Structure formats: structure tokens, C-alpha cells
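Given next are the chains, with one letter for each unit.
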Amino acid sequence: MLKQNARQALWGVRYWRVLGACLLAAVLGGNAAIYYAYTTCDTVVEAWQNATTPRVWTGNTAALRELLAELPQGYLAMLALVFVGVFLAVLVISLAIGMTYRAFVANPVRIGLCRYLMEHRQGRSYIRTEFSVFSGTYLKVVKAQILTDLKILLGTFLFYVPGILWSYQYLLVPYLLAENPYMTSRRARELSRQIMHGEKWHIFLLQMSFIGWYLLCVLTLGLGFLFLAPYYDATMAEFYAAMRSKAFAYGYTDEGELGGFVVYEDSPRYPG
């Protein structure tokens, strides 16, 4: 039912609108479509090269040994330490830059894409919606998502399994922040945990239902992931809509906290 609703929401030209939004988010790091496409293509090409090109050492082993023997005593060890130090420094700086970019750019774009998708399923949305988080509540949303990501990361590093469980438990946090950017990180996690109680297996099966599409994407050297992204993301938006209804039915929240999304004039269920 969720996937059927997603297909209806992507009818006709509406698919291309969402595709453009997903590609823009992917370029900015808020969507993994380009990452999946690149890594899949790179993996396939590397596997093909390894299978067709034998690895043969063509250098002069004797000359290399003579060169190493002529080095002063302890020089090789010092050179190795310098190499390791430079490598670790570059690694730490790269991780710091990557995490900072994810926190202050990619995550807000991702949350903006969630808002775009929820508006799109009800009517017409606009690309500017993806950047709507960069406003007065920007730092509040950034903080809420950072704390959520850190908890998931901590669970992954410590025991791995808790990280997986928490990633499903807090799956709805970006959507909740998209609907109510004033929500605190603790409240967003609490509400997501309440809603996702008993739903983790269902969302896992829903994600696994795309496995056939994933295999087809691999056959296209990863390019298919770019065109699958709208369908997958629209399905996740439908899942949030269903879980949102559950939250109201069970009294987890109310319209004062989750007031809905902006609706523009454009029917998502019928062409034209």
C-alpha cells in the first residue's frame, strides 16, 4: 500500500520534480543516491580490472634491497613514523571536515528533503523547501540531529547491535524535525521511539522489498540508484505519514506539536 501510494505521488512529471530534488540533495550530501552510484560503479570497474589484469611486479627487487641497505641506521624507522604520522593527521582532519559538513550542511538538507517529500505527497512542493531548514531554527535542528547521530554512532562503536536498533528506533527524527523544527532532540528521539515500537521489523521488510531494484541498479553500474531514489524516498515519506497517523491514534502527540506541512495546489494522486 505504501509503495502504491508512492507510485501515485510520482505520477507523470511529478517523478522528474522529485528526481531533481533528490539529485540536488545527493550533490550536497543529504541523499545517498550519488554515493551508491559512485561506489557501485567503482567496485564493479575495480573487480573487472582485477579479473582481467594480472598483478605482476615489474620492478627490480635487487636494486630495491640495495637502496634500503644503504639507508642510515634508524632512518627507515623514522621514515615509517613520519609516514604514519602524516597519514593519521590527514585521516583525523578529513574526518573532522566530513563530520562538520555532515552536521551543518548535509543533515539540514536531508531534513529539508523530508519536508519537500511530505509536501509533495499532498500537493506541489518547491526546491527552495530543501533549504528551508537554513533559517531561524537552523542551529536548533543541527543540534537535535547531531545528538541523535552521536547516540547511534556510540551504540555502533560499543556493541554494534544497539547502533542498528537505535538507527531504526530514531529513523523518524529527520521527519519530525522537518515537521516541527522547534522540537528538542530529546523529544524527537522519544517520540520516534514511541512510534517505532513494534514497527522495526515492518520497516526492515519494507526496505528489503527494494532488493530487486538494488540488483538491477548494480547491473547498470550504479546509475540506476539515481533514478530509484525518488521511488525509495517517496515510499519512506508514505511510511512516515502512516506512522504519524499512528502517533495521533495512540495519543503520543497532537496537532499542537505536529501541525502538518504546507499544501500547495497540485493533486498528487492524479496526472495533470
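Because the structure is predicted, anything quoted here is derived from the model rather than measured. (Residues numbered from 1 in each chain as written. Predicted model: local features only at pLDDT ≥ 70, side-chain atom pairs only at ≥ 80, totals over all residues. Heavy atoms only, no water.)

Caption draft 1: Molecular detail of the overall build of the protein. Assigned secondary structure in the protein consists of 12 helices and 0 strands. Listing each helix as α and each strand as β along the protein from the N terminus yields α-α-α-α-α-α-α-α-α-α-α-α. Compactness check: the protein gives a C-alpha radius of gyration of 24 Å against a globular reference of 19 Å for 272 residues, more than 25% above the reference. Expressed as lengths along the three principal axes of its C-alpha atoms, the size of the protein is roughly 75 × 40 × 35 Å. The buried share of the protein, reckoned over its 272 residues, is 38%. Across the protein, the fraction of contacts at a sequence separation of at least 24, relative to all contacts at a separation of at least 6, is 74%. Surface accessibility of the protein: about 16100 Å² in total, with carbon and sulfur atoms responsible for 68%. (Helix = DSSP H or I, 4+ residues; strand = E, 2+ residues; numbered from the N terminus. Rg over C-alpha atoms; globule rule 2.2 N^0.38 Å. Buried < 20%, exposed > 50% of the residue type's maximum accessible area, 1.4 Å probe, protein only. Contact = heavy atoms within 4.5 Å. Areas by Shrake-Rupley, 256 points an atom, 1.4 Å probe, with all protein chains shown as cover.)

Caption draft 2: Inspection of the side chain of glutamine 145 at higher detail. Assignment of secondary structure puts glutamine 145 in helix 6 (residues 138-158). Residue class for glutamine 145 comes out buried when judged on its relative accessible area of 3%. Apart from residues no more than four positions distant in its own chain, glutamine 145 is found in contact with Asn107, Arg110, Ile111, Val173, Pro174 and Leu177.

Caption draft 3: The arrangement of a nonpolar patch on the surface in detail. Taken together, the side chains of Phe83, Val84, Phe87, Leu88, Leu91, Leu95, Met99, Leu147, Leu150, Leu153 and Phe157 make up a nonpolar region of the molecular surface, amounting to roughly 1100 Å² of accessible area. Elements represented by at least two residues in the nonpolar patch include exactly helix 5 (75-122) and helix 6. Sort the elements by how many residues they give to the nonpolar patch and helix 5 lands first, with 7 residues. Counting through the fold element by element, leucine 150 comes out in helix 6. By relative accessible area, which is 44% here, leucine 150 ends up partly exposed. (Patch = residues over 30% accessible without salt bridge, like charges linked within 9 Å, V, L, I, M, F, W, Y side chains within 5 Å. Salt bridge = Lys/Arg side-chain N within 4 Å of Asp/Glu carboxyl O.)

Caption draft 4: How the structure looks around the pattern of salt bridges. Taken as a whole, this structure holds 6 salt bridges when the rule is applied. Salt-bridge contacts for arginine 244 lead to glutamate 179; the nearest nitrogen and oxygen are separated by 2.8 Å. Of this pair, arginine 244 sits in helix 12 (residues 224-249) while glutamate 179 sits in helix 8 (residues 173-179), placing them 65 residues apart in sequence. A salt bridge links arginine 187 to glutamate 257, with the nearest nitrogen and oxygen atoms 2.7 Å apart. A residue pair is termed long-range when its members are at least 10 positions apart, and arginine 187 in helix 9 (residues 185-196) and glutamate 257 in the segment after helix 12 qualify at 70 residues.

Caption draft 5: Highlighting the packing of helix 3 (residues 33-52) against helix 12. Running from amino to carboxyl end, helix 3 crosses helix 12 at an angle of 150°, the nearest separation of the two axes being 8 Å. As judged from the angle between their axes, helix 3 and helix 12 are roughly antiparallel. The handedness of the crossing between helix 3 and helix 12 is right-handed. Residues Ala33, Ile34, Tyr36, Ala37 and Thr40 of helix 3 touch helix 12, and the partners they reach there are Phe225, Leu226 and Ala229. Along the lines of polarity and charge, the residues of the contact of helix 3 with helix 12 split into 7 nonpolar, 1 polar and no charged. (Axes fitted to C-alpha atoms, helices over the stretch in contact; angles between N-to-C directions. Parallel < 35°, antiparallel > 145°, perpendicular 65-115°, else oblique. Left-handed = near helix turned anticlockwise from the far one by under 90°. Nonpolar A, V, L, I, M, F, W, Y, C, P; charged D, E, K, R; others polar.)

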